[in-house]
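Architecture and fold: a report
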Amino acid sequence: MRRPVVVANWKMNMTLARAEEFVHRFAGEDVEAGGVDMVICPPFIALAPLSTLLQNTSLMLGAQNMHWEKEGAFTGEISPLMLREIGVRYVIVGHSERRSYFAETDESVGQKAAAAFACGLIPIVCLGENGEERRAGKTEEVIRRQLLAAIELLELEEDRRRLIVAYEPVWAIGTGIPARASDAAAVAACIRALLYQKWGNGAAEVRILYGGSVTPENIADFTGRPGIDGALVGNSSLKPGSFAAMARAVYKERRG
Ligand code: PGA
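My aim in this report is to walk through the structure given alongside it, one point at a time. (Residues numbered from 1 in each chain as written. Predicted model: local features only at pLDDT ≥ 70, side-chain atom pairs only at ≥ 80, totals over all residues. Heavy atoms only, no water.)

**Here we look at the overall build of the protein**
In terms of helices and strands, the protein carries 11 helices and 8 strands. In terms of C-alpha radius of gyration, the protein reaches 17 Å, essentially the compact-globule figure of 18 Å for 256 residues. Expressed along its principal axes, the backbone C-alpha trace of the protein runs to roughly 50 × 45 × 35 Å. With an accessible surface of roughly 11900 Å², the protein has 50% of that area assigned to carbon and sulfur atoms. Charged side chains in the protein number 29 positive and 31 negative. The centres of these two groups are separated by 4 Å. (Helix = DSSP H or I, 4+ residues; strand = E, 2+ residues; numbered from the N terminus. Rg over C-alpha atoms; globule rule 2.2 N^0.38 Å. Areas by Shrake-Rupley, 256 points an atom, 1.4 Å probe, with all protein chains shown as cover. Lys, Arg positive; Asp, Glu negative; His and termini not counted. Charge placed at Lys NZ, Arg CZ, Asp CG, Glu CD.)

Below you can see the structure in the form of C-alpha cells.
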C-alpha cells in the first residue's frame, strides 16, 4: 500500500521568519492526517532552523535542489550530505523551473536522483511536458525521455521502491489551470507502465504525484484517481491553513 504524500514546494518564497511562523501556525491546525506524509521544502537557509522546529511534529523536511557531489569546488552549491546531516529527508530534483531557468539536463537529474539515495535522501523527481510539446502530441515521448534518464543510475531495489516521481505539466504550474484529473491519471499510468517495463514488480511501490495548480478544492480529484499518490504544490502550500486543508482532503478521500 502506497502512503499518500503532500509536498509543499515553497520555491523562492518565505523568509526564515515567515517559515518559522508557518510552522507555529500549522501546529494550531487540526490536521488529522495520520497515514498522509506531509513534506515542506523551504529555501535552503531555512532548512537547518526548521529541522529543529519540526522535531516531534508530523511535518517532514525536503530541499528544493542539491548538487550530486558530496563535496568539492562547486561554488554556491549544496551537497546531499549537508542536507542529510541537518535532518532533511526528501529533495526535489529536476523541477521544470530548474530545467528551464538553470539549464538542468536529463543527465544531471539522473545524477542527482542517484546521489540523493546514496546519501540517504528520497528524491522527488519532476517530469512534465511544456505547452508546445503537449500541443504537438509529444507528452508521452517527453515523459519517457525524462523518466528513463532520471532513473538510469538507480540500481538498488530498495531505492527504486522509495522513489517519488512528480508529474508536473509545465503549462499547469503557477497558471491556475490544472491538468484534467483524467489526463494526469493517464500520464501517471504511463509512468508506472514504464517503471514496470524497467523494474518489474518493484514499480508497484513507487509513489507518483501530480503537480500544477493544485488547491485544497481540487487535490482530492487527483488523489482520488488510482495511480496518483499525492501532490506537489507551490502557491497553495504557502499558507498553513491551505496546506493543512490539502492534507485533510487527501486523508478524507483515502478513508472514503
Ligand atoms: P503551483 O506549483 O502549485 O504553484 O502550480 C507547483 C510546482 O511548481 O511544484
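**Some remarks on the site of the ligand**
Around the ligand lies a shell of 13 residues, among which Lys11, His95, Glu168, Gly174 and Ser213 are the nearest. A distance of 2.7 Å is found between an oxygen atom of the ligand and a side-chain nitrogen or oxygen belonging to lysine 11. At 2.7 Å, a backbone N or O of serine 213 approaches an oxygen atom of the ligand. Against a free-state accessible area of 280 Å², the protein chains account for coverage of 98% of the ligand. Grouping the amino acids of the shell around the ligand by side-chain chemistry returns 4 nonpolar, 7 polar and 2 charged. (Near = heavy atom within 4 Å. Polar contact = N/O pair within 3.5 Å; in protein donor to acceptor, adjacent residues only side chain to side chain. Nonpolar A, V, L, I, M, F, W, Y, C, P; charged D, E, K, R; others polar.)

**Side note on the nonpolar core**
One finds Trp10, Ile40, Leu163, Ile191, Tyr210 and Phe243 to be the most contacted residues of the largest nonpolar core, which totals 70 residues. Top element by residues in this core is helix H9 (residues 181-199). It accounts for 10 residues. The next biggest cluster of nonpolar side chains, apart from the first, holds 14 residues, and it includes Val5, Ile92, Ile124 and Leu232. (Core = buried A, V, L, I, M, F, W, Y, C linked by side-chain atoms within 4.5 Å. Buried < 20%, exposed > 50% of the residue type's maximum accessible area, 1.4 Å probe, protein only.)

**Some words on the sheet that holds strand S3 (residues 59-63)**
Strand order around the closed barrel formed by 8 strands is S1-S2-S3-S4-S5-S6-S7-S8, with parallel pairing between neighbours. Taken pair by pair, the neighbouring strands of this sheet meet at an average axis angle of 25°, ignoring direction. With respect to the sheet, helix H2 (residues 44-53) is in contact with strand S2 (37-41) and S3, its orientation differing from that of S3 by roughly 155°. In this fold helix H5 (residues 106-118) packs onto strand S4 (90-93) and strand S5 (122-127), with an angle of close to 160° to the strand it touches most, S5. (Pairing = 2+ DSSP bridges. Axes fitted to C-alpha atoms, helices over the stretch in contact; angles between N-to-C directions. Contact = heavy atoms within 4.5 Å.)

**Some details on helix H11 (residues 240-255)**
When the terminal C-alpha atoms of H11 are compared, their 22 Å separation across 16 residues agrees well with the 22 Å that a helix rising 1.5 Å per residue should span. Regarding H11, the residues found buried are Pro240, Ser242, Phe243, Ala244, Met246, Ala247, Ala249, Val250 and Tyr251. In this structure, the buried residues of H11 make contact with strand S1 (5-9), helix H1 (16-27), S2, S3, helix H10 (219-223) and strand S8 (230-233). One or two positions beyond H11, positive phi appears at glycine 256, with a value near 80°. (Expected span 1.5 Å × (residues − 1).)

**Points about the pattern of salt bridges**
Counted by the stated rule, this structure contains 16 salt bridges. Salt-bridge contacts for glutamate 129 lead to arginine 134; the nearest nitrogen and oxygen are separated by 3.8 Å. Residue arginine 134 is classed as partly exposed on the basis of its relative accessible area, which comes to 34%. Here aspartate 159 and arginine 162 are joined by a salt bridge, their closest N and O atoms 3.6 Å apart. Taken together, the residues aspartate 159 and arginine 162, both in helix H8 (residues 157-162) and 3 residues apart, mark about one turn of the helix. Judged by its relative accessible area of 33%, arginine 162 is partly exposed. Linked by salt bridges that have partners in common, Glu129, Arg134, Arg180 and Asp183 make up one network. (Salt bridge = Lys/Arg side-chain N within 4 Å of Asp/Glu carboxyl O.)

**Remarks on unusual backbone geometry**
Look at methionine 14: it is not a glycine, yet its phi comes out positive at around 75°. If you check the backbone angles, alanine 103 has positive phi at about 55° while not being a glycine.

**Description of the packing of H5 against helix H7 (residues 139-151)**
Remark: H5 packs on H7, axes separated minimally by 7 Å, with the N-to-C direction vectors making an angle of 40°. Put simply, H5 runs oblique to H7. Regarding H5 and H7, the two cross each other, and that crossing is right-handed. Each of Asp106, Val109, Gly110 and Ala113 in H5 lies in contact with H7, whose residues at this interface are Arg145, Gln146, Ala149 and Ala150. Broken down by class, the residue content of the contact of H5 with H7 amounts to 4 nonpolar, 2 polar and 2 charged. (Parallel < 35°, antiparallel > 145°, perpendicular 65-115°, else oblique. Left-handed = near helix turned anticlockwise from the far one by under 90°.)

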